[in-house]
Structure formats: C-alpha cells, structure tokens
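Fold and contact review
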Amino acid sequence: GVMDGTFITNILAGASVSVTDSISSNPSQLWNLTINNFSDDFVISSAGLMLNDAILNNSGILSLIGDISITGNGTINNTGTLFKGGSTNYVSFDSAITFNNATTGSLDVSIGELNFNSISSSFEGNINVGPGGTLSGTSIISFAGATVTNNGVINVTDFRFEGSTLQSLNGSGT
C-alpha cells in the first residue's frame, strides 16, 4: 500500500501495527510524511519498504520480520528498539536511507541478517547480535555507544569504536 501526504501519524503505546503486502514485487510506500512509533508491537514484514522523503521515528519496538529491502531517501530515527528477528531472512537498508540509533536506542539482531549497504548512519545506542544473527554491510559503522554484544557474526567493511567514554565488546561471536 501507499501512504502519501505531508502529515504526522502517531502510533500510540498499546497499539498493534503490521505492515505487510501480498505482492512481493511491490514494496509498501511512505511518501512525504512522518510516523512516530510509541508502540511495542510495530511489525514490518512486507517484501519492501520505500521511504521517500519520509521519516520514521521509533520510540517503541520496531520489528523487521522476513526478507525486507528498505529503500528510498528517507530517515529512520531509533530511540527505542529496532529488532531483526522472527526468521533467518535478510533485511537490507539501501544506500540512500539515513539510520540514526540514538543513545537510548538499541539495535537487536536476534536471528537472520541485517545489512547496512553504504548508508548514512550513526550508532550511539547499544548493539546486540544474537547467536543466530548477522550484522553486515558495506557501511562505515561508527559506534559511539557503550556496549556491543556479539554472540553471532559481525561482518562489516569498517566498524569503528568512536565513543568518548569507555566502550565494551562482549560475546563469543565472530
């Protein structure tokens, strides 16, 4: 489906939202709008999500389930939890997407692969890669948060610890 317009949509705490599509070649599309997620149950499981001049602000839990390609020129600001789980599938962020993981944000790759493909990004919150998870990509990941816990695989071109305070790398992953 398509949402288009210069408006703001607030997904309130306690709400449940699922973005899906039944046609694998047509991504769900958000144009020229802002979505503020405060819910602990916002699930994207469509084949794709196109953010065109759109902003997705996540302060709750945003779950990426299935094979998803996130494209367009939009921005995802995470102050909650971005969760990749549910299957061993692949989620990729296109090069024109901006992803900001704020100090209070958490990136959790429980299972499957989360790929940052040459995107503009900042990582100030914690990163957790579970035993079945892979964090990959060609982006420079400039990590300024406190903790990276890796019990899976981190396979990125350039992972930099750039915090101004003590940072730690924990786990038994590769």
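Residues numbered from 1 in each chain as written. Predicted model: local features only at pLDDT ≥ 70, side-chain atom pairs only at ≥ 80, totals over all residues. Heavy atoms only, no water.

Examining unusual backbone geometry
- Located in the positive-phi region is asparagine 32, a residue other than glycine, with phi close to 55°.
- Within the secondary structure layout, asparagine 32 lies in the loop between strand 4 (28-31) and strand 5 (34-37).
- When its relative accessible area of 31% is taken as the criterion, asparagine 32 is described as partly exposed.
- A positive phi angle, close to 55°, is found at aspartate 53, a residue other than glycine.
- Its place among the elements puts aspartate 53 in the loop between strand 7 (48-52) and strand 8 (55-58). (Helix = DSSP H or I, 4+ residues; strand = E, 2+ residues; numbered from the N terminus. Buried < 20%, exposed > 50% of the residue type's maximum accessible area, 1.4 Å probe, protein only.)

What about the pattern of salt bridges?
- Going through the model one piece at a time under the given rule, you end up with one salt bridge.
- Ionic pairing is found between arginine 160 and aspartate 158, a salt bridge with its closest N-O pair at 2.7 Å.
- On the basis of relative accessible area, arginine 160 is assigned to the partly exposed category, the value being 33%.
- A relative accessible area of 23% means that aspartate 158 is categorised as partly exposed. (Salt bridge = Lys/Arg side-chain N within 4 Å of Asp/Glu carboxyl O.)

Comments concerning the confidence of the model for the chain
- Per-residue pLDDT for the chain has a mean of 89; in total, 97% of the residues score no lower than 70.
- For the chain, strand 1 (residues 2-4) is the element with the lowest average pLDDT, namely 80, and strand 8 is the one with the highest, namely 96. (pLDDT = per-residue confidence, 0-100.)

Description of the environment of alanine 54
- You can see alanine 54 is positioned in the loop between strand 7 and strand 8.
- Under the relative-accessibility criterion, alanine 54 is labelled buried at 1%.
- Distance in space between the C-alpha atoms of alanine 54 and arginine 160 is 28 Å, their sequence separation being 106 residues.
- Each residue touching alanine 54, except ones within four places of it in the same chain, is listed here: Leu30, Asn32, Leu33, Gly74 and Thr75. (Contact = heavy atoms within 4.5 Å.)

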